[in-house]
Amino acid sequence: MMGFTASELRDDLRQELVTRELFGERMKVIDERFKSLEKEMNERFTSLNFKLNIFIAIALLALTLGNPTFVALVGGLFR
């Protein structure tokens, strides 16, 4: 077995382990990235929600105009 002194072991560990400062910097970068992704996803969901509302409105209009009872009712109003 190879013997290590305390200072050699400490130096080796410093090179291998992440310091609090480095960890904090990396977490800040990750946090900023998640915030930008969250903003982008919120924008996409807002756009998708608007498109879905338009689709539902068109579908309801089509179902209403395609309903024979509605057509007969409107036809009776204009006689």
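As a reminder, the structure under discussion sits directly above these lines.
Residues numbered from 1 in each chain as written. Predicted model: local features only at pLDDT ≥ 70, side-chain atom pairs only at ≥ 80, totals over all residues. Heavy atoms only, no water.

### Describing the overall build of the protein chain
Then, in step 1: What the protein chain contains, in helices and strands, is 3 helices and 0 strands.
Then, in step 2: Along the protein chain, helices (α) and strands (β) appear in the sequence α-α-α when read from the amino end.
Then, in step 3: For 79 residues, the compact-globule formula gives about 12 Å, and the C-alpha radius of gyration of the protein chain, at 33 Å, lies well above that figure.
Then, in step 4: In terms of overall dimensions, the protein chain has C-alpha extents of about 105 × 25 × 10 Å along its principal axes.
Then, in step 5: Classification of the 79 residues of the protein chain by burial places 0% in the buried group. (Helix = DSSP H or I, 4+ residues; strand = E, 2+ residues; numbered from the N terminus. Rg over C-alpha atoms; globule rule 2.2 N^0.38 Å. Buried < 20%, exposed > 50% of the residue type's maximum accessible area, 1.4 Å probe, protein only.)

### A word on the pattern of salt bridges
Then, in step 1: Evaluation of the coordinates by the stated rule reveals 3 salt bridges.
Then, in step 2: Ionic pairing is found between Glu40 and Arg44, a salt bridge with its closest N-O pair at 2.9 Å. Placement of the pair is Glu40 and Arg44 together in helix α2 (residues 20-65), with a separation of 4 residues, close to one helical turn.
Then, in step 3: Given a relative accessible area of 35%, Glu40 falls into the partly exposed group. (Salt bridge = Lys/Arg side-chain N within 4 Å of Asp/Glu carboxyl O.)

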